[in-house]
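What follows is each chain in one-letter form.
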Amino acid sequence: YENPNTRASFLNMIIILRRYKNYDVDKLIQYRNKMKIEIKDLRKEKLLISKDELPTLEYLYSQLKNLVGLKYIINYLFLTYGFRNADINLKYVDKLPEEKTENYIYFINKKLKLSINNYKTTKSYGEKIYTIVDKSFIKEFKKLKLVDGDYLIGNKNNKKYSTSNFNDLVLKLSIDKLGEAKVFKIIVRDILEKKNYSDLDKFSLSRGTSMATIMKSYNVYN
């Protein structure tokens, strides 16, 4: 595999298996450590390409104005909170359950609230709660006519899609099929260019991503 990330993933499985069998892994670990340099260089190369190819944040907002329904909702959440795909796998409920195992969206006092509990860094950041008062968002959400238990993006049987299928659907619904990672790179680039550094803290919390990871993986000027 040319991609060192892919190579490292398979190598990790081999190391785990050999350790289980009490086989030596020293040489494999040395090789994995060398690959870390390749991975770092590849990440920087991709970020450098992104800097020149990605559209501006102003462009994304101009496109958002022309969207309706599910497309508007998904892209609004990406741009406003820097959410990952997993964050927007939302279930509509009339009342928030006591045991919160999923991501929920519900009305309270004519406002929409989000309760995000199931995402990549849940253990580090815990439940994320947001209140949405934006009239355009609420208007587009009401158009979906979801009832208690419906998923924002659900299959024909109103069940959750598998992660890969869900990610594919969200990618197609994102502006210009950019996907959440590229959208977040655009957000970070705009913050750095305008020197609105306090916004980095806000997005670090809403995305559930450490500042170190943002600077390493989403900063096109890295």
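Since the model is a prediction, treat every value here as computed from it, not as a measurement.

Conventions and cut-offs
Residues numbered from 1 in each chain as written. Predicted model: local features only at pLDDT ≥ 70, side-chain atom pairs only at ≥ 80, totals over all residues. Heavy atoms only, no water. Core = buried A, V, L, I, M, F, W, Y, C linked by side-chain atoms within 4.5 Å. Buried < 20%, exposed > 50% of the residue type's maximum accessible area, 1.4 Å probe, protein only. Helix = DSSP H or I, 4+ residues; strand = E, 2+ residues; numbered from the N terminus. Contact = heavy atoms within 4.5 Å. Pairing = 2+ DSSP bridges.

## Section: the nonpolar core
- Core analysis: the biggest nonpolar cluster contains 46 residues, and Leu-77, Phe-83, Leu-114 and Phe-137 have the highest contact counts within it.
- The element best represented in this core is helix H4 (residues 69-81), accounting for 8 residues.
- Beyond its immediate stretch of four places on either side in the chain, Leu-114 contacts Leu-77, Tyr-81, Phe-83, Leu-90, Tyr-104, Ile-105, Lys-128, Ile-129, Tyr-130 and Ile-132.
- If you look at the next biggest cluster of nonpolar residues, it comprises 7 residues, including Ala-8, Leu-11, Ile-15 and Met-35.

## Details of the pairing of strand E3 (residues 111-116)
- For E3, the tally of buried residues reaches 5 of 6 residues, placing the bulk of the element in the interior.
- As defined by bridge partners, strand E2 (residues 103-108) adjoins E3 across 5 bridges and the pair is classed as antiparallel. Paired with Phe-107 across the two strands is Leu-112, which belongs to E3.
- In textbook terms, the turn of a hairpin is the stretch between consecutive antiparallel strands, and for E2 and E3 this stretch comprises 2 residues, one of which, Asn-109, has a positive phi near 55°.

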